[in-house]
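# Descriptive structure summary
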Amino acid sequence: PHPLLNYLYGSAAWDADITVVKKSAQLAINSNLQGLGSNLPQPFAKPANEAMPLRIEKKNVADGQDVIIAQLGKLLSARLARRDENGAMAIKRGAINFGGDGVASSQGRRSGTRRLQEQLLGPAEMPPRNRSGVWLAGRLPELSLQGWGDLFGAADSTNVSLPIAGANLAIGRV
């Protein structure tokens, strides 16, 4: 199990829409997370009785490529592009925006795949193709620096990788 699960307790109702076409599944999961609490460092701590809407989608873009889209209340939105590497999906690039409407879309010429992504997903929120990795942006009212080391140290042993490439964050209180 992922080490993140050690910081969560309780349970929450959820619903899912799953579509399978040509042996490929697309899905959307929704929950208000009421009943699920978090002991993660700020800003991700949450009492179990508090509601916070969550939506996670997996959309196929091309053979061996998909995009994960997530929205957690007003706290964060994310788009992560993944590609099949030796039978496992690996995050290649993406954007995580805190406290806002997402990362500004790139301008200029777009490939056919990029246009298809925009048609499937709406306006592009990911960095340009030549910028690999995951980029963090936005505003956080508070960020606790304590407690993350244990989580990230343990995550390395689970072979889950989030290739952070850069950040532009405004933090109110550390």
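Structure first, text after, so check above.
Fair warning: this is a prediction, and the values are worked out from it, not measured in the lab. (Residues numbered from 1 in each chain as written. Predicted model: local features only at pLDDT ≥ 70, side-chain atom pairs only at ≥ 80, totals over all residues. Heavy atoms only, no water.)

Our next topic: the pairing of strand E5 (residues 54-62). With five bridges joining them, strand E3 (residues 24-31) and E5 adopt antiparallel strand pairing. Bridged to Ser31 within E5 is Leu54. Examined bridge by bridge, E5 and strand E6 (residues 65-72) share eight bridges and lie antiparallel to one another. Each residue of the ladder has a partner; that of Asn60, found in E6, is Asp66. Here E5 hands over to E6 after two residues, with Gly64 in that stretch at a positive phi of 80 degrees. (Pairing = 2+ DSSP bridges. Helix = DSSP H or I, 4+ residues; strand = E, 2+ residues; numbered from the N terminus.)

So, about the nonpolar core. By size, the foremost hydrophobic cluster in this structure holds 19 residues, and its most contacted members are Phe44, Leu72, Leu76, Ile96 and Phe98. Beyond its immediate sequence surroundings of up to four residues, Phe98 is in contact with Phe44, Leu75, Leu76, Leu136, Ala137, Gly138, Arg139, Leu140 and Leu169. (Core = buried A, V, L, I, M, F, W, Y, C linked by side-chain atoms within 4.5 Å. Buried < 20%, exposed > 50% of the residue type's maximum accessible area, 1.4 Å probe, protein only. Contact = heavy atoms within 4.5 Å.)

The eight strands lie next to each other as E2-E3-E5-E6-E7-E8-E9-E10, forming an open sheet whose pairing is mixed. Looking at strand neighbours, the two that pair on one side only are strand E2 (14-21) and strand E10 (164-173), the edges of this open sheet. Strand-to-strand twist of the sheet, defined as the mean angle between neighbouring strand axes without regard to direction, takes the value 15 degrees. (Axes fitted to C-alpha atoms, helices over the stretch in contact; angles between N-to-C directions.)

A word on a nonpolar patch on the surface. On the surface, Leu145, Leu169, Ile171 and Val174 cluster together to form a nonpolar patch covering roughly 370 Å² of accessible area. Of note, Ile171 is situated in strand E10. The class for Ile171 is partly exposed, based on a relative accessible area of 32%. (Patch = residues over 30% accessible without salt bridge, like charges linked within 9 Å, V, L, I, M, F, W, Y side chains within 5 Å. Areas by Shrake-Rupley, 256 points an atom, 1.4 Å probe, with all protein chains shown as cover. Salt bridge = Lys/Arg side-chain N within 4 Å of Asp/Glu carboxyl O.)

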